[in-house]
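Each chain, letter by letter, is given below.
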Amino acid sequence: MIRSSILLFCLLITSAVRARAQQLEPITADEALDRVLKNNVLTYEGSPFHAIMEIRTTEGDDPAFRSRIEVFWEEPQHYRLTLESRDFGQTLVVDGAKIMETDRGDFYPGWLHAFVTALLDPIPRLKDLRGRNDMVPLEPQRLQPCIHRDDRPGGITDQMTWASACFSGSAPTLEYVLDFTYYMNFSDFHNFGRKPKQIARIYMSYALDNLKLRGKLTMIEDWAPRPDMLAVSKATPPAQRILTTFVSTATEESLLENAPKDVVWPTVREGKTDGYMIVHAMTDRTGQVRETSNHNSDNAELEGVGREVALKYKFKPLIVDGVAQQMEMPLVLHFATKPGDPIPELDDATTRKMITGCSLPHEIKDPASAGHHIVITFKVDDDGHLDTLGSSDRKILVLSLFDQFHGCHFAQYRQNGQPTPYHANLSVMAH
């Protein structure tokens, strides 16, 4: 649910910023994008550079994700890129219209491509974000303003066009970028280049079931281009290259060859027992799904199983200009299951013992429910991280609750000796 949670947070922030817009000194969305390109993007009107990025998981050091990206860049049509990971490697030389590509492995994983994108083209849906009516305030503040696009033909989000780019500070500075195929957070900015830019040194993204990945720019230096490193004497035929195309639901459905039947979904502890989920899925060039990650679901408990189900899908190869390509898609799955053991509900007294590091009030400002007891419910994951929160009267803005309780720490709760998600219910009087 990380992408849907990020999207909700972005929408809340955007609404808050718009409400304050008259008090600030805003610029247009297009101007904000232009400034970010000029100030934060290495490959936009930049000088030649040599960069190395090391990628690791943030918890532990999973060898499947341990990887390295090296770039020698002169200009957009002249650069050399080398990728190394456990299961895939690539050397790519772009020399104008001529391209040389050497691959190790038959599948280019999406999570690795995301970090390459972050270095070379960090706002891949730039054209879809142009021409918006959003205004971006130029004032340092804790809440980042966002440019957001969410086309909804027939009331359904168009996954091919929706995107968000969010900023911070008065420059402004790029904070994070989000679309269906890509999420990247940028931080730890430092000066670089003969035309000084502020370039991020830390890059954060997610894969699979919200596994957190961290890319660190371990080297960034000026580079005097060497023609021998960027020359291509013999171009690689298109059929021997690994390219990926993002396709619509209609396209993927037209290519479906085989889908698992009679899927047995596990019981759920809360939420819907019948509904749908969207899985972010990628195929190899034969049409076999090889990589899946969470996007959103009518019941988040089932996302992990949904990812496993999606890996069993097989499509006919996607042919573009006569050449088979990898596909990236929003794969829609239907689930039907039954309720199981419910998530533990903690009363007020237990809740106050489980939450530390912040002040837990006995009263809360909520004029719409003044004089009544209401319950603030924190949904906490089995690892002790806050998932969602809300109020029983549904009248207090979720953003204001996050503002009040964002510094809290939540203890793990155990049931039958095992960590379990739980609902911590805080009883307060509204005034």
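So, here's what we can say about the structure. Here, residues in each chain are numbered from 1, in the same order as that chain's written sequence. Local features in a predicted model are, by the rule used here, given only for residues with pLDDT of at least 70; side-chain atom pairs are given and counted only at 80 or more, and totals for whole chains, interfaces and linings are based on all residues. The side-chain quantities take in all heavy atoms of the structure and omit both hydrogens and water.

## Description of the side chain of Asn-40
Point 1. Counting from the N terminus, the helices are the DSSP runs of H or I reaching at least four residues and the strands are the DSSP runs of E reaching at least two. Topologically, Asn-40 is positioned in helix α2 (residues 29–40).
Point 2. Think of a polar contact as two N or O atoms within 3.5 Å of one another; within protein, one of them needs to be a possible hydrogen donor and the other a possible acceptor, and neighboring residues in sequence only count if both atoms come from side chains. In this structure the side chain of Asn-40 is engaged in a polar contact, spanning 3.0 Å, whose partner is the backbone nitrogen of Leu-174.
Point 3. A distance of 3.0 Å separates the side chain of Asn-40 from the backbone oxygen of Gln-198, its partner in a polar contact.
Point 4. Whether two residues are in contact is decided by their heavy atoms: any pair within 4.5 Å suffices. With near-sequence residues (within four places) excluded, Asn-40 lies in contact with Pro-172, Thr-173, Leu-174, Phe-189, Gln-198 and Ile-199.

## Quick word on the environment of Gly-304
Point 1. Mapped onto the secondary structure, Gly-304 falls in helix α7 (residues 303–310).
Point 2. Distance from Gly-304 to Ile-52, taken between C-alpha atoms, is 33 Å for residues 252 residues apart in sequence.

## Regarding the state of the cysteines
Point 1. The rule for a disulfide is simple: a pair of cysteine sulfur atoms within 2.5 Å. Tallying each qualifying case throughout the model produces 2 disulfides.
Point 2. A sulfur-sulfur distance of 2.0 Å marks the disulfide that ties Cys-146 to Cys-166. The S-S bond linking Cys-146 to Cys-166 shows a torsion near 105°; that makes this disulfide right-handed. You can see Cys-146 sitting in strand β8 (residues 146–149) and its partner Cys-166 sitting in strand β9 (residues 163–168), a full 20 residues away along the chain.
Point 3. Burial here depends on accessible area, computed with a 1.4 Å probe over protein chains only, as a share of the maximum for the residue type. Under 20% is buried, over 50% is exposed, and the range in between is partly exposed. Under the relative-accessibility criterion, Cys-146 is labelled buried at 4%.
Point 4. Using a relative accessible area of 0% as the deciding quantity, one classes Cys-166 as buried.

## Topic: the sheet that holds strand β10 (residues 173–179)
Point 1. What makes two strands pair is DSSP finding at least two bridges between them. Across the sheet, which stays open at both edges, the 11 strands sit in the order β6-β5-β4-β3-β2-β13-β12-β11-β10-β9-β8 with antiparallel pairing between neighbours. The sheet is open, and its two borders are formed by β6 (98–104) and β8, each paired with just one other strand. Strand-to-strand twist across the sheet, computed as the mean angle between neighbouring axes with direction ignored, equals 15°.
Point 2. The angle between two axes is taken between their N-to-C directions and runs from 0 to 180 degrees, where each axis is a line fitted to C-alpha atoms and a helix contributes only its stretch in contact. Its contacts with the sheet place α2 against β8, β9, β10, β11 (182–192) and β12 (197–207), and it is angled at close to 105° to β12.

## Digging into the packing of aromatic side chains
Point 1. Within 6.5 Å between ring centres, the rings of Phe, Tyr and Trp (the latter by its six-membered ring) count as paired, and their orientation is classed by plane angle as stacked under 30 degrees, edge-to-face over 60, tilted in between. All told, the structure shown has 13 aromatic pairs when counted by the stated rule.
Point 2. A centroid spacing of 5.7 Å and a plane angle of 50° characterise the contact between Tyr-413 and Tyr-422, whose relative ring orientation is tilted.
Point 3. Taking the relative accessible area as the measure of exposure, Tyr-422 reaches 0% and is therefore buried.
Point 4. Put simply, the rings of Tyr-176, Tyr-183 and Tyr-206 pair up and form one aromatic cluster.

## Regarding the nonpolar core
Point 1. By nonpolar core we mean a set of buried residues, namely Ala, Val, Leu, Ile, Met, Phe, Trp, Tyr and Cys, connected to one another through side-chain atoms within 4.5 Å. If you look at the biggest cluster of nonpolar residues, it comprises 55 residues, and the most contacted ones within it are Ile-69, Leu-119, Phe-167, Phe-186 and Tyr-203.
Point 2. When residues of this core are assigned to their parent elements, the largest contribution, 8 residues, is made by helix α3 (residues 110–120).
Point 3. Not counting chain neighbours up to four residues away, the residues in contact with Leu-119 comprise Leu-42, Thr-43, Met-53, Ile-69, Val-71, Tyr-203 and Leu-217.

## With respect to the pairing of β8
Point 1. Neither face of β8 is exposed, since Cys-146 and His-148 on one face and Ile-147 and Arg-149 on the opposite face are all buried.
Point 2. Here β8 runs beside β9; their pairing, made up of 4 bridges, is antiparallel. Bridge pairing in β9 places Arg-149 opposite Ala-163.

## Section: the side chain of Thr-117
Point 1. Tracing the backbone shows Thr-117 in helix α3.
Point 2. The contacts of Thr-117, once residues within four sequence positions are left out, are Pro-122, Pro-124 and Tyr-182.

## Comments concerning unusual backbone geometry
Point 1. The residue after Ala-171, namely Pro-172, is reached through a cis peptide bond having omega -10°.
Point 2. As for its placement among the helices and strands, Pro-172 is situated in the loop between β9 and β10.
Point 3. At Arg-394, a residue that is not glycine, the phi angle is positive and equals roughly 55°.
Point 4. Assignment of secondary structure puts Arg-394 in the loop between β25 (386–391) and α9 (398–405).
Point 5. Positive phi is not limited to glycine here, since Asn-416 has a value of about 55°.
Point 6. Here Asn-416 lies in the loop between β27 (413–415) and β28 (418–420).

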